[in-house]
Amino acid sequence: MGKAVLDFRDVQFDYGGSGFSLRVRRFELPRGARWALTGPSGSGKTTLLHLAGGVLAATRGEVTVAGRSLRGLGDRRRAAIRLRHVGMVFQSFELLPHLRAIDNILLPFRLCSSLPLTVEAREFARQLASALGIEPLLRRYPHQLSHGERQRVSIARALVTQPQVVLADEPTGSLDPSTKREVLTLLLRECERMGATLLMATHDHGLLGQFDGAVSIDEFREAAADGARQSAEGAVT
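No experiment lies behind these values; they were computed from the predicted model shown.

Trainee: Could you give an account of the overall build of the protein, with specific residues and numbers?
Mentor: For the protein, the count of helices and strands is eight helices and nine strands. For 237 residues, the compact-globule estimate of 2.2 N^0.38 gives 18 Å, and the protein sits close to it at 18 Å. Expressed as a percentage of its 237 residues, the buried residues of the protein come to 50%. Intrachain contacts of the protein at a sequence separation of at least 6 include 71% that bridge at least 24 residues. Roughly 11,400 Å² of accessible area belongs to the protein as shown, and the carbon and sulfur atoms make up 48% of that amount. Charge centroids of the protein, computed over 31 positive and 25 negative side chains, lie 6 Å from each other.

This is the structure:
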């Protein structure tokens, strides 16, 4: 463990007009940490992960990932940082339908010029696919894969660049109990091998013993609600 590789400072995010708000006064994870983000579906876990990965921009405050501040950056610059330093497992997979599984896994190399698509990178992609049990499926398109198989392709894509930070949004949610344990074990093992920090959203409390710690999204929603109440009370007085 060392210096924070994922750091939120006085971050606030609001979906305009919806009443939804997150406020993270301070949340940091050091290199190599493995933490779970808990809370029911629809509670804001995905929003927090998207802020951490630069998919969304904070309304105010600063998010720093892999030593790079995302504050004030446009979509393209945030995306460049994400592709180079962050691996993301999206809840909806975000696979491109016109690409075969192997090309979806290798997509970060095609989108980021600073990531060379070497023979070693291709071999590592196949090793990940083998470990995830999808190597025989690499020539198939997403519509030819089951829900769980698409999830595994998404996990392989998140790991293939050997990122400093892995953000996983319910990566075991679509898997049966035995496969769930296998996939989580692989995800944890690969993050440990790479020295990557892992923040994984889950509503499955049975998995929490596998992590260094856990934080509930309710802590950040409650902080936002408290701030709104204080502002309202100040306006009245």
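Trainee: Any details on the state of the cysteines? Residues and values, ideally.
Mentor: Counted by the stated rule, this structure contains zero disulfides. Among the cysteines around Cys112, which has no disulfide bond, Cys191 carries the closest sulfur, lying 19 Å off. Taking relative accessible area as the criterion, Cys191 reaches 1% and is therefore assigned buried.

Trainee: Provide a residue-level description of the sheet that holds strand 9 (residues 213-216), including the pertinent values.
Mentor: Read across the sheet, five strands follow the order 6-7-8-3-9 without closing on themselves; strand pairing throughout is parallel. With one partner strand each, in any of the chains shown, strand 6 (86-89) and strand 9 form the two edges of the open sheet. If you compare each strand with its neighbour and ignore which way they point, the axes differ by 15 degrees on average. When strand 6 meets strand 7 (residues 165-169), the two strands line up parallel, connected through four bridges. Each residue of the ladder has a partner; that of Met88, found in strand 7, is Leu167. Packing of helix 6 (residues 147-159) onto the sheet brings it into contact with strand 6 and strand 7, and relative to strand 6 it is tilted by some 170 degrees. Contacts between helix 7 (residues 177-194) and the sheet are confined to strand 3 (34-38), strand 7 and strand 8 (197-202), with strand 8 contributing the most and set at about 155 degrees to the helix.

Trainee: Tell me about the pairing of strand 1 (residues 4-14), and please be specific about residues and values.
Mentor: Note: strand 1 against strand 2 (residues 21-30), nine bridges, orientation antiparallel. In the strand pairing of strand 2, Gln12 is matched with Arg23. Taken together, the five bridges between strand 1 and strand 4 (residues 60-65) define a ladder with antiparallel strand orientation. Within strand 4, the position partnered with Arg9 by the bridge is Glu62.

Trainee: Could you give an account of the confidence of the model for the protein, naming the residues involved and the relevant values?
Mentor: Any residue range with low pLDDT should be treated as having predicted coordinates unsuitable for detailed reading. Residues with a pLDDT of 70 or more make up 92% of the protein, whose mean pLDDT is 89. Mean pLDDT values over the elements of the protein span from 56, in helix 8 (residues 217-236), up to 98, in helix 3 (residues 101-105).

Trainee: Residue-level account of the packing of helix 5 (residues 119-131) against helix 7, with values.
Mentor: In contact at an axis separation of 11 Å, helix 5 and helix 7 are set at 150 degrees when each is read in the N-to-C sense. When the axes of helix 5 and helix 7 are compared, the crossing they make is right-handed. When helix 5 is examined against helix 7, the residues Phe124, Leu128 and Ala131 are found in contact with a partner set consisting of Leu186, Arg189, Glu190 and Arg193.

Trainee: Give a detailed account of helix 5, specifying residues and quantitative values.
Mentor: An α-helix turns once every 3.6 residues. As a result, residues three or four positions apart point the same way. Here helix 5 contains 13 residues, and its C-alpha end-to-end distance of 19 Å stays within 8% of the 18 Å for a straight helix at 1.5 Å per residue. Taken together, the buried positions of helix 5 are occupied by Ala121, Phe124, Ala125, Leu128 and Ala129. Looking down the long axis of helix 5, one finds its buried residues gathered within 140 degrees of arc, a one-sided arrangement. Exposed and oriented more than 90 degrees from the buried face of helix 5 are Val119 and Glu120. For helix 5, the secondary structure elements touched by its buried residues are helix 3, helix 4 (107-111), helix 6 and helix 7.

What counts and how
Residues numbered from 1 in each chain as written. Predicted model: local features only at pLDDT ≥ 70, side-chain atom pairs only at ≥ 80, totals over all residues. Heavy atoms only, no water. Helix = DSSP H or I, 4+ residues; strand = E, 2+ residues; numbered from the N terminus. Rg over C-alpha atoms; globule rule 2.2 N^0.38 Å. Buried < 20%, exposed > 50% of the residue type's maximum accessible area, 1.4 Å probe, protein only. Contact = heavy atoms within 4.5 Å. Areas by Shrake-Rupley, 256 points an atom, 1.4 Å probe, with all protein chains shown as cover. Lys, Arg positive; Asp, Glu negative; His and termini not counted. Charge placed at Lys NZ, Arg CZ, Asp CG, Glu CD. Disulfide = S-S within 2.5 Å. Pairing = 2+ DSSP bridges. Axes fitted to C-alpha atoms, helices over the stretch in contact; angles between N-to-C directions. pLDDT = per-residue confidence, 0-100. Left-handed = near helix turned anticlockwise from the far one by under 90°. Expected span 1.5 Å × (residues − 1). Arc of directions from axis to C-beta.

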